[in-house]
Amino acid sequence: MKRRDFLLSAAITGVASTLRFYKLEAALQNNKVRVTSTPDLVAVMGGEPAAMLDKALAKFGGVQAFVKKGQTVVIKPNIGWDKSPNLAANTNPELVKALVKKCLAAGAKKVQVFDHTCQQWDNCYRNSGIKAAVESAGGEMLPANDGSHYQKVALPNGVRLKEAMIHKALLECDVWFNMPILKNHGGAKMSISMKNYMGIVWDRGFFHSSDLQQCIADICTYPKRPALNIVDAYRILYKNGPQGRNESDTAILKTLIVSPNIVAADTASIKFFNQVEKMDINAVGHIAKAEALHLGTRNLDSLKIERIKM
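Right, let's walk through the structure included here. Throughout, a residue's number is its position along its own chain's written sequence, starting from 1. Where totals are concerned, whole chains, interfaces and linings use all residues; where local detail is concerned, this predicted model gives features only for residues with pLDDT of at least 70, and gives and counts side-chain atom pairs only at 80 or more. For the side-chain quantities, the full set of heavy atoms in the structure was used; hydrogens and water were omitted.

## Observations concerning the packing of helix H8 (residues 262-273) against helix H9 (residues 285-292)
In this analysis, axes come from line fits to C-alpha atoms, helices being fitted only over the stretch in contact, and the angle between any two N-to-C directions falls in the range 0 to 180 degrees. Labels follow the DSSP assignment, with helices taken as runs of H or I lasting at least four residues and strands as runs of E lasting at least two, numbered in each case from the N terminus. In contact at an axis separation of 10 Å, H8 and H9 are set at 150° when each is read in the N-to-C sense. When the axis of H8 is compared with that of H9, the two are roughly antiparallel. Relative to H9, the crossing made by H8 is left-handed. Residues Val-263, Asp-266, Thr-267 and Ile-270 of H8 form the contact with H9, whose participating residues are Ile-287, Ala-290 and Glu-291. Amino acids are sorted into nonpolar (Ala, Val, Leu, Ile, Met, Phe, Trp, Tyr, Cys and Pro), charged (Asp, Glu, Lys and Arg) and polar (every other residue, Gly among them). For the contact of H8 with H9, a count of residues per class yields four nonpolar, one polar and two charged. An angle below 35 degrees is read as roughly parallel, one above 145 as roughly antiparallel, one from 65 to 115 as roughly perpendicular, and any other as oblique. For any helix crossing, the convention is left-handed if the near helix is rotated counterclockwise from the far helix by under a right angle, and right-handed if that rotation is clockwise. Note on contacts: a residue pair qualifies if any of its non-hydrogen atoms lie within 4.5 Å across the two residues.

## Looking at the pattern of salt bridges
Every case where a carboxyl oxygen of Asp or Glu lies within 4 Å of a side-chain nitrogen of Lys or Arg is listed as a salt bridge. This structure, assessed with the given rule, holds nine salt bridges. The salt bridge involving Asp-115 is made with Lys-76; its shortest N-O contact spans 3.0 Å. Placement of Asp-115 in the loop between strand E3 (110-113) and helix H3 (121-127) and of Lys-76 in strand E2 (residues 72-77) is noted, with a sequence separation of 39 residues between them. The exposure classification of Asp-115 matches that of Lys-76, with both residues buried. In this scheme, a residue with accessible area under 20% of its type's maximum is buried, one over 50% is exposed, and one in between is partly exposed, where area comes from a 1.4 Å probe on protein chains only.

## Considering the environment of Tyr-238
Tracing the chain through its elements places Tyr-238 in the loop between strand E10 (229-237) and strand E11 (250-259). Counting along the chain gives 12 residues from Tyr-238 to Thr-250, while the straight-line C-alpha distance between them is 5.8 Å. Definition of a polar contact: a pair of N or O atoms within 3.5 Å, with one able to donate and the other able to accept a hydrogen when the atoms are protein atoms, and with sequence-neighbouring residues admitted only if both atoms are side-chain atoms. A polar atom in the side chain of Tyr-238 sits 3.1 Å from the backbone oxygen of Ser-248.

So this is what it looks like as C-alpha cells:
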C-alpha cells in the first residue's frame, strides 16, 4: 500500500510500513485542525528522525522557545534495555542526538542525558547507541544506577504515590524534555510519555506492588513538567514489549508525535499504534487516571493539532 497524503486539514489517510502491514486506518481520525500560531500537538510523518524533529520544533517556535542561553538541559529518553536500535526497545539514538545538538546550538550550558535502566546500565547506554550519539553531539551521559543520585520529593497530588526518589539532575536542571519510544508493554500495556517517568525514579518497586497504573499517573504530578513530550515512533515495538524478542516485533512507521500535553501525547500515540496492533486505550489505565489528576486531556477534538507529511 502506498503512503497517501498526510493532510493538515483532515485525518491521516494512511501509514506505510516496511513490514507486512496493509490497509492501516487513519490515525487521529476525525480530529480537525484549528488555525493557530502554536499548536497543542504536532505529528510529523515520513522523514528521518532529525528532519522530523526540525519540522515539529519549528511549529513550537524552535527549541529556543524552551531553552535559553546558559541553561542546563536534561533529556530523558528510554534507555532501559540492553538492546540495539533495530529492536526498538529504546529511543532512537539519532533523535536524541539531534535534540542534544539543537539545545547546545540554542546556547545551553550543558545537556545531560540519563535513564534508570532495567538492565546493566553501562551496557544499556552503550548498546542502545545513545551514549555514543549523545557524546558525539557534545552532551553528557549521567549515571543513574545508585540511590545516591536521587533525592526524595513529595508528591502531594498523587493518589497512591505520595513521594518518590527522583534523579537530582532533573531536580536541578532548568528545563527538560521527555523523549520516550512508542512501544507495547506487558505490565503497563503501553510505554510512552507517562511510563517513561519510571526512569526518573529510584524506588520504583513500589509502583509494581501498589497499583502500577495509578502510580504511573501519580509520578507525573511531579511539578517540574517537561517542556515537550517527544514520542519516537520511527520504529515502534508493537508486541512482546518492553524488550521485544527480535526485529519481527517492530514496525518502521517514520513518525514523531510532540506535545507539551502528556495525556494528549499518549492518547494520540495509542491511536497511531492501533493502526498496527490493536490496543484498547481503556486498558492503559494510567491515561484516564492522569486526566483525572488534571495532567492533560484525552479529548483530541478540543486541541489544535498540526499534521505534517514529509
